[in-house]
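Analysis of the macromolecular model
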Amino acid sequence: MIDPFLLEGLIKILFVFVLISAALIISTRNLSSVLTTYTIQSFLLALVSFLLYLMDEKGQLLLLAGLTLASKVILIPYFISRIEEKIKIGRDLHFTYLEPTTSLLLSIGLILLSYVFLSRIFEDLSLSKLFFFGAVIGVSLTLMGMLVVFSRRKVITKVLGYLSMENGVLMFGLFVTEIPFIIEVLIIIDLVILVMLTTILAVGMDSSIEEYRQKFRKLQIWTGGRYL
Amino acid sequence: MIRYYLLIMGIFLALGLIPKSHRLMNSLAAGNALLHLFLTCAALLILDLPARYGDYLYLDHLNLYVELITALGFSAAAFYAKGYTDSLMEAGDLDPKNLKTFYLAFNLLLITATVALFSDNLALFWIFVELTTVCAAMLVAILSARENIDAALKYAFIVSGSMLFAFLGLIFLFTLSELTLGEGTLSWTELAANASHFSPPLLLASFTFVFIGFGAKAGIAPFHTWLPDAYARAPSVSAILSGLMQNLGIYGIIRMYALLKESDAASQASLILIVAGVFSIALASFSMLQQRNLKKLIAFSSVEHMGLLLIGIGIGTPLALFWVLFYMLGHVLIKEILLFSAGILHRQYRSNMREDMKDVFKLQPRAAWVLILGSIAIVGMPPFPLFPAKFFILLESAAVSPYLTLALLLMLILASASFANFLLKAFSRVTPEEEKEEHGSKSRVSERTESEKFTEKIGYKKSILPAPYTVRKGMRIPAIFLLALALALGLYFPEPLRTLLDSIILELGYL
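Keep in mind it's a predicted model, so treat the numbers as computed, not measured. Counting from 1, residues in each chain are numbered in the order their sequence is written. Here chains are named by letter from A upward and ligands by number from 1 upward, in the order in which they appear as written. Local features are withheld for residues below a pLDDT of 70 in this predicted model, meaning they are given only at 70 or higher, and side-chain atom pairs are given and counted only at 80 or more; totals for whole chains, interfaces and linings count all residues.

**Quick notes on the overall build of chain B**
When helices and strands are counted, chain B shows 21 helices and 2 strands. For 511 residues, the compact-globule estimate of 2.2 N^0.38 gives 24 Å, and chain B sits close to it at 24 Å. Exposed residues have 12 or fewer other C-beta atoms within 10 Å of their own C-beta, buried residues have 20 or more, and residues in between are partly exposed; the C-beta atoms are placed from the backbone. Burial status across chain B gives 56% buried among its 511 residues. Think of it this way: build a C-beta for each residue from its backbone, and any pair within 7 Å is a contact. Of all intrachain contacts in chain B linking residues separated by at least 6 positions in sequence, the fraction that spans at least 24 positions is 79%. Comment: elements are numbered from the N terminus, with helices defined as DSSP H or I runs of at least four residues and strands as E runs of at least two. The globule rule is 2.2 Å times the number of residues to the power 0.38, and the radius of gyration it is compared with is taken over C-alpha atoms.

Right under this line is the structure:
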């Protein structure tokens with residue numbers, strides 16, 4: 001049996017890393033580093049649920065850790081990296097609405113906001129300090145992911161932002177309550193389908209592949225040339 | 001029972017992959033929609049409602065009613081789809097290879113929507129609503145043109161991003177039930193039975209989050225931005241189907257509101273709904289005023305109607321809810337009529353823009369008339385069903401505040417004015433040579449000597465005037481049928497419908 005205080009300390013350290021990874025996703029311009037950061041973030045999440053399993057000894061948490069590891073650390077990143085190779089774009093340089101610095105400042109505000117909001121709501125709920133922080137980090141991660149979806153231009157980065165939002169929801173769920181396992185599985189299936197669809201579409205949007213250009217040329221409505 | 005349904009539908013989808021001919025694929029899709037329509041009617045007539053089967057399947061009047069609307073919309077769309085996709089393929093816009101994907105997504109959308117509606121569990125509802133977004137995005141992207149893909153991605157990102165917030169709300173709700181009942185649950189029925197014991201602030205927080213998600217699905221401002229793009233870029237059929245999915249969002253909101261209606265949070269939730277509704281209507285009606293794109297005009301009118309539905313739900317009286325439910329039906333009927341004729345006009349002019357439409361009455365007289373009648377219906381003119389619905393919702397809104405009614409009325413007038421503005425400007429464009437040509441042909445008869453000159457001129461003019469698009473068989477039938485149905489509903493309120501709506505209100509605990 002491992003000392004629960006040690007575990008709690010470890011989880012708190014992981015929280016900090018999760019926040020750092022979210023900030024990196026907001027600001028990094030290199031596409032493959034964004035993907036790596038996302039993979040690390042999902043791995044941290046799997047680790048957190050594993051540590052929680054060590055604390056609580058609930059089999060469900062272990063399953064969840066395994067599921068996260070399989071889907072979000074291995075399957076989805078693999079799929080996205082294949083797509084990234086295909087579309088041959090290394091960097092996502094352009095930001096809409098917000099530059100990275102502003103979004104980082106904004107995300108600090110969002111973290112504070114979710115802290116205040118949740119502390120008011122959770123007054124009647126008897127959550128321990130650790131679990132409360134977990135919930136706060138979860139909500140902030142969701143909001144920071146939303147910033148990524150808004151501010152990034154390339155679809156692939158938007159997908160990663162969406163995925164990091166989903167990580168936030170999972171984190172929140174992990175610390176606030178236990179959702180029935182079947183639902184977790186279904187959500188992951190849903191996520192995989194959604195990611196596949198959007199990334200396949202992203203090939204059409206982001207790529208400079210010749211065949212897509214030709215396809216666009218064939219169309220009559222958008223009489224050629226304007227978007228090429 | 002749910003297993004049998006999924007099994008049958010699985011076999012059905014597998015069957016749908018086999019045929020090569022378009023006719024067969026289309027009749028399978030139409031058959032599927034009609035089957036759903038028939039089963040829903042049968043369930044409404046035979047079953048003793050509300051009925052529960054197993055852990056997850058739940059049938060009551062509300063979800064059967066929404067399913068009825070959905071299946072009706074799908075059936076009409078399936079009949080229209082044949083001719084429409086044929087002409088899309090002929091024009092080279094739709095790759096024939098994608099036709100199978102189109103029908104696959106069509107059937108999948110209907111199935112996922114059905115499963116979502118009939119699941120008793122909120123989380124399952126959430127997941128299947130997400131899947132409907134995926135299918136609908138596929139339908140929008142089916143033309144695989146850059147702008148379509150762009151619209152589809154926007155749709156998927158905005159809706160599923162907001163739906164993640166809804167999931168946060170569900171987690172709140174789950175925690176709440178765990179707190180009160182000892183064991184967490186997300187089943188509608190159990191939540192509805194115990195919601196009055198939940199702590200109001202938490203309930204309100206969860207309602208707000210869930211509202212963001214379902215509101216985005218329904219196309220409520222400020223989460224409506226996917227809607228105009230999806231409507232304008234997608235083929236008409238896809239637009240109709242994604243429009244039908246808006247009802248799922250409204251369905252979720254009705255259920256959620258019914259949950260917290262008994263608690264202290266009800267007044268604040270009503271406020272949220274009414275403010276969001278007013279904002280949607282205001283934004284939509286001002287965007288409509290100078291709208292030159294027909295499908296965007298229809299899309300913004302959708303946002304406006306969803307806003308009015310929200311206000312109706314927010315008022316919270318049984319009467320308002322009754323008319324909200326009726327409104328959902330009428331809105332779907334009329335919105336489909338509009339999109340059907342807009343689709344025909346788009347095939348004619350290859351554009352949705354007002355300035356590209358010329359000689360509408362000469363080229364597509366029936367589509368033009370249907371569009372005019374549809375516009376009259378959508379703004380809520382008397383012989384059509386939206387009139388009583390709007391009238392009573394506005395009347396009930398006066399109980400909240402007379403200023404609200406006044407503001408709504410003004411904005412609705414603005415929306416009507418924008419429809420009138422559009423129609424007048426689009427339909428009054430007549431090629432001026434046209435008159436001369438007629439004049440010329442008359443004079444040609446009288447003065448044979450000048451005939452050569454005129455034939456030359458006529459030949460030139462004829463090349464200016466585009467050939468009328470031949471509307472394919474079956475494309476007009478659904479529009480006419482829905483128009484007749486809407487007119488009938490407007491003139492005569494059937495007794496079975498009234499009892500159905502009454503029992504929905506009773507089941508939601510309003511009376």
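**Let's talk about the overall build of chain A**
On a plain count of helices and strands, chain A comes out with 8 helices and 0 strands. Along chain A, helices and strands appear, N-terminal first, in the series α-α-α-α-α-α-α-α. For chain A, buried positions account for 41% of its 228 residues. Taking as baseline every contact in chain A between residues at least 6 positions apart, the subset at least 24 positions apart corresponds to 76%.

**Notes on the confidence of the model for chain A**
Regions with low pLDDT should not have their predicted coordinates read in detail. Residue and element names in this part refer to chain A. In predicted models, pLDDT denotes the confidence assigned by the predictor to each residue on a 0 to 100 scale. Looking at chain A as a whole, the pLDDT averages 79, with 81% of positions reaching at least 70. Within chain A, helix α2 (residues 31-56) carries the highest mean pLDDT (89), whereas helix α8 (residues 210-218) carries the lowest (51). Low pLDDT, under 50, characterises residues 219-228; the predicted model gives this stretch 16 contacts beyond four residues in sequence or across chains.

**Quick notes on unusual backbone geometry**
Residue and element names in this part refer to chain B. For the bond running from alanine 221 to proline 222, omega is 0°, close enough to zero to count as cis. Turning to its location among the elements, proline 222 is positioned in the loop between α8 (200-218) and α9 (226-233). With phi around 55°, arginine 350 is a residue other than glycine that occupies positive phi space. According to the C-beta neighbour criterion, arginine 350 is partly exposed, with 15 such atoms within 10 Å. Positive phi, close to 55°, is recorded for aspartate 359, a residue that is not glycine. Mapped onto the secondary structure, aspartate 359 falls in the loop between α13 (318-349) and α14 (360-363).

**As for the environment of Glu84(A)**
Residue placement: Glu84(A) occurs in helix α3 (residues 59-87). Taking the C-alpha atoms as reference points, Glu84(A) and Ile156(A), 72 residues apart in sequence, are found 7.9 Å from one another.

**Some remarks on the packing of α2(A) against helix α6 (residues 155-176) of chain A**
Residue and element names in this part refer to chain A. To obtain an axis, a line is fitted to C-alpha atoms, over the contacting stretch when the element is a helix, and the angle between two such axes runs from 0 to 180 degrees between their N-to-C directions. Axis separation between α2 and α6 bottoms out at 10 Å; the angle between their running directions is 10°. Accordingly, the angle class assigned to the pair α2 and α6 is roughly parallel. Along its contact with α2, which presents Leu31, Val34, Leu35, Tyr38, Gln41, Ser42, Leu45, Val48, Ser49 and Leu52, the element α6 presents Ile156, Thr157, Leu160, Leu163, Ser164, Asn167, Leu170, Met171 and Leu174. Considered class by class, the residues forming the contact of α2 with α6 number 13 nonpolar, 6 polar and no charged. To sort the angles, those under 35 degrees are grouped as roughly parallel, those over 145 as roughly antiparallel, those from 65 to 115 as roughly perpendicular, and the leftovers as oblique. Ten residues, namely Ala, Val, Leu, Ile, Met, Phe, Trp, Tyr, Cys and Pro, are considered nonpolar, four, namely Asp, Glu, Lys and Arg, are considered charged, and the remaining ones, Gly among them, are considered polar.

**A look at the environment of Asp86(B)**
Residues and elements named next belong to chain B. With respect to the element layout, aspartate 86 can be found in helix α3 (residues 61-90). A count of 19 C-beta atoms within 10 Å places aspartate 86 in the partly exposed class. When the C-alpha positions of aspartate 86 and leucine 28 are compared, they lie 16 Å apart, and in sequence the two are 58 residues distant. Setting aside residues no more than four positions away along its own chain, aspartate 86 makes contact with His22 and Arg472.

**Quick word on the environment of Arg52(B)**
Residue and element names in this part refer to chain B. Looking at the element boundaries, arginine 52 is found in strand β1 (residues 51-53). The class for arginine 52 is partly exposed, based on 13 C-beta atoms found within 10 Å. Counting along the chain gives 66 residues from arginine 52 to phenylalanine 118, while the straight-line C-alpha distance between them is 9.8 Å. Sequence-distant contacts of arginine 52, defined by excluding residues within four places in its chain, comprise Leu57, Tyr58 and Asp120.

**Examining the packing of α3(B) against α13(B)**
Residue and element names in this part refer to chain B. Their axes nearest at 10 Å, the elements α3 and α13 cross at an angle of 5°. In terms of their interaxial angle, α3 and α13 are classed as roughly parallel. Across from Tyr65, Ile69, Gly73, Ala76, Tyr80, Tyr84 and Ser87 in α3, the residues of α13 making contact are Leu325, Met328, Leu329, Val332, Glu336, Phe340, Gly343 and Arg347. Tallied by class, residues from the contact of α3 with α13 come to 10 nonpolar, 3 polar and 2 charged.

**Quick notes on helix α5 (residues 122-140) of chain B**
For a helix, the expected span equals 1.5 Å multiplied by the number of residues minus one. Between its first and last C-alpha, α5(B) extends 27 Å over 19 residues, near the 27 Å set by a 1.5 Å rise per residue. For α5(B), the tally of buried residues reaches 19 of 19 residues, placing the bulk of the element in the interior.

**Re helix α20 (residues 476-491) of chain B**
Residues and elements named next belong to chain B. Between the first and last C-alpha of α20 there are 23 Å, a value that for 16 residues agrees with the 22 Å anticipated at 1.5 Å per step. Pro478, Ala479, Leu482, Leu483, Ala486 and Gly490 are the residues of α20 that are buried. Along α20, the residues classed as buried sweep out an arc of 130° about the axis, all on the same side. Away from its buried face, by an angle of more than 90 degrees, α20 presents the exposed residues Ala484, Ala488 and Leu491. The directions from the helix axis to the C-beta atoms are what the arc is built from.

**Focus: the confidence of the model for chain B**
Residues and elements named next belong to chain B. Scored by pLDDT, chain B has a mean of 85; 94% of the residues are at 70 or more. Within the model, pLDDT remains below 50 along residues 440-449, and this stretch shows 5 contacts once partners closer than five positions in the same chain are excluded. For this predicted complex, the interface score ipTM comes out at 0.84, alongside a pTM of 0.87.

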